[in-house]
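One-letter residues, chain by chain:
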Amino acid sequence: MIAEVIVDVAAATVDRPFDYEVPDLWRDLVVPGMRVEVPFGPRALLGIVVAVKDETDLARIKPIVRVLDETPTYTEELLQLSSYLSETTLCYQATALLAMLPAALKVSYDKLILAENPRLIHWNQKKISQFPSEVQQQILVAAQNGDIRLQPIVKEKKTSKTDKRIRLLDSTIELSKQATKQILLREYLMARPEVLWSEVMHELDLTVSILNSLEKKGVITVETIDVNRNPYEHLVQDIFVPSTLTTHQQDAVDAITASEETSTFLLHGVTGSGKTEVYLESIHTMLQRGRQAILLVPEISLTPMMVKRFKRRFGDRVAVLHSGLSLGEKYDEWRKISHGEVDVVVGARSAIFAPLTNIGVIILDEEHETTYKQEENPRYHTRDVATWRAAYHKCPVVLGSATPILETYARSQKGVYRYLPLKERFGGELPPVEIIDMRKELERSNRTPFSLPLVEGIKQRIERGEQTVLLLNRRGYTTFVLCRDCGETLQCPHCAVNLTYHQHQDCLKCHYCGFEAAMPKTCPSCESKKIRQFGTGTQKIEEELAHLIPEAKIIRMDQDTTSRKGAHEKLLNAFERGEGNILLGTQMIAKGLDFPNVTLVGVIAADATLGIPDFRASERTFQLITQVSGRAGRGALAGQSIIQTYNPDHYVIQTAKRHDYEAFYQREMQLRKLGGHPPFWFLGLVTISAAHPLEAQAEAEAIAGELRHLESDDLIVNGPLEAPLARLKNMYRYQVILKHKGQEEVREALRAMLALRIKQKVQVTVDLNPFVFM
Ligand code: ADP
Ligand code: ZN
Ligand code: ZN
């Protein structure tokens, strides 16, 4: 038997299946979708079997070394999906397959040491990665001298949690009287057929060596078993009472669940209109029909709140996938899905690849969020993958948002998507929005970041025992370091960006490559001592606020306070319990929060994002203001939001004030049409990077030249230009942008350009329908 295998190498020259022999031992075992280890040149690599056959045209083929799965990791559907991904996003099939694999099933590569020289026997059978780098150097030298051999190996990462099942085998074997613990365990076992190690270990205060010696003597048998971890064990399961849907909500559910064929719906509901209720009910209906569901949420709104609502409704039938889980927890959740133990998958972007086999509905909540676009290869948009899977399963796709992205709304207007509006907030009004002109605050010589009405509003809420959410529009809140004498700003040595100062660690970090350095005492270029942080960090804002309102208890949520696992949840829980009057944070607090006691929302620098040179800047700002305003007044109490801006007359601010999506849409579409932007044009972004700037520039010019040959009235080529992020991780970057009225034409032009670039040292990446232009 022959297996066709895609190997884990991202290179154009190996972007096809390779034939391997399946040794007789595994003849009936190996099926498409399994992970295997294969030899590839001098290496050992992870491979994915995409087909099996009886014969090959090749004279000599190598055998598979090892099969890594008992059951296939990829279903037939997911294998087909990988081909679709590689064709539409122009990536290698290996890249597409690997992207679909949960982190816990990925592998790493290592080398096993085989000592030839007896003097080096202490290294024998050890893995090279376990040694510090100096020793690794010595090992490499020894390998060159022929004293050892290095054998490449594939290491699995999966870490399922295990326990030990202990059974009594023979109670008559004599034990020494001093071995009191051994005797204790034997007595314990005589009363019951079997026990778990996790249970007796603490109860009887045992160590593993006691277990080992009893096993060796033949008194007991010990068997290792897999156990499931449940990361949501601590979420109490309240008694669930289904809501009675409003007529509009029910109409939406009916439309979604009535469609037998694939269709895409836009559920356009203002914040608090009950979109989540519609999701829950549609999923419930599909489950009753014996089908399954995927609910996708942007990572950031994967708050315990949403999970709680799903757990409460569907109990153990839900698997939750997100980046906060440990590798082992991820593996457990994924295994439950692939064994058919769950019907509902809730997760962030990559959960769209969940190996469900009978999907009845796919939902993207907050469909406008940019996290749905993957920013590395394969550069797919989750909406497209959802549409492909829905066509495969003949089921509906639901895109839900209060502020749909323009592309989506335009399609719903053209009838490509079916439009389901929820115009009213459930049981209440949308909160009034007050616009504060910060220029007037300056005239009143208020130099703090907080306007008087906002400060008054917060004080009032504290008196009444109500809460406030304050959003800092992140763009305005970073701190960089500048020398007052020579004007030097401290930059990352590897990237063309300023380093950001982190106060609580007193260090400098590069947010693009992760570089870290201590805060210098003197300027590195002129040695002046007048080197200081500039700009406003979230921490500084917190200090100013504490100064203005000393009685306030503030909970701050930003990168620094939420970097530890579970910190996000802890802070939110504390706020929910009323341990703070104010929740202060960056974008991460804008969505998904549903606290009944929040009656005031303030946006500190609403327009900080308006000035970004990106055609989506207005749209993003509108979304942000609308979403965060939607956090107020979600309970019985009436809410209000206060938006501080230096551009009070800007159409984004004005339409957001009136909660008028339609007016914003009309205005923005005119501007997009004039500017030649999406959704009127499709874009392709080519990024060229090389270690030497001239190399990158020359290649960028060559690419722009080739693309220009195709230029017509419908195809426009811009560039090459230096990328906004001109240097990243020591690579110099250039960009070429391609525009066409048709998506397929952009793709074809990029495909043709890439076909000429096999085996070049300059790195070229392409991004269709890009969101990030850095
Ligand atoms: P969205 O997802 O559109 O922001 P939610 O589904 O979170 O809205 O609904 C907002 C609030 O209103 C929630 O607390 C929800 O429980 C409540 N709600 C919405 N619809 C109903 C309904 N039909 N019956 C009872 N409560 C509802
Ligand atoms: Zn200086
Ligand atoms: Zn950097």
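Parameters at a glance
Residues numbered from 1 in each chain as written. Chains lettered and ligands numbered in written order. Predicted model: local features only at pLDDT ≥ 70, side-chain atom pairs only at ≥ 80, totals over all residues. Heavy atoms only, no water. UniProt positions renumbered as here; feature names shortened; annotations may be inferred. Pairing = 2+ DSSP bridges. Helix = DSSP H or I, 4+ residues; strand = E, 2+ residues; numbered from the N terminus. Phe/Tyr/Trp six-rings, centres within 6.5 Å; stacked < 30°, edge-to-face > 60°. Buried < 20%, exposed > 50% of the residue type's maximum accessible area, 1.4 Å probe, protein only. Lys NZ or Arg CZ within 6 Å of the ring centre and 35° of its normal.

For the protein chain, the name recorded in an unreviewed UniProt entry is Replication restart protein PriA, with Exiguobacterium sibiricum as its organism. In the Subunit (unreviewed entry) part of its UniProt record, the protein chain is described as follows: "Component of the replication restart primosome." Looking at the protein chain in UniProt, the text filed under Sequence similarities (unreviewed entry) is "Belongs to the helicase family. PriA subfamily."

Caption draft 1: Fine view of the sheet that holds strand S3 (residues 35-40). Judged by pairing direction, the sheet is antiparallel, and its 5 strands sit side by side in the order S2-S1-S4-S3-S5 without closing on themselves. Of all the strands in the sheet, the pair left with one neighbour each is strand S2 (18-21) and strand S5 (66-67). The pairing of strand S1 (residues 2-7) with S2 spans 4 bridges and is classified as antiparallel. Bridge pairing links alanine 3 to tyrosine 20 in S2.

Caption draft 2: Spotlight on the packing of aromatic side chains. Taken as a whole and assessed by the stated rule, the structure comprises 15 aromatic pairs. Ring centres 5.8 Å apart and planes at 25 degrees place the aromatic pair tryptophan 388 and tyrosine 392 in the stacked group. You can see tryptophan 388 and its partner tyrosine 392 sitting in helix H11 (residues 382-393), 4 residues apart, about one turn around the helix. Between phenylalanine 615 and phenylalanine 773 the ring centres are 5.8 Å apart and the planes differ by 65 degrees, which places this aromatic pair in the edge-to-face class. Taken together, the positions of phenylalanine 615 in the loop between strand S27 (598-603) and helix H17 (617-629) and phenylalanine 773 in the segment after strand S32 (763-768) put the pair 158 residues apart, joining distant regions of the chain. Exposure remark for phenylalanine 615: the relative accessible area of 16% places this residue in the buried category. Overall, the relative accessible area of 16% leaves phenylalanine 773 in the buried class. Among the aromatic residues, those joined into a ring-pair cluster are Tyr409, Tyr419, Phe622, Tyr651, Tyr661, Phe664 and Tyr665. Here the basic side chain of arginine 616 rests over the ring of phenylalanine 771, its NZ or CZ set 4.2 Å away from the ring centre.

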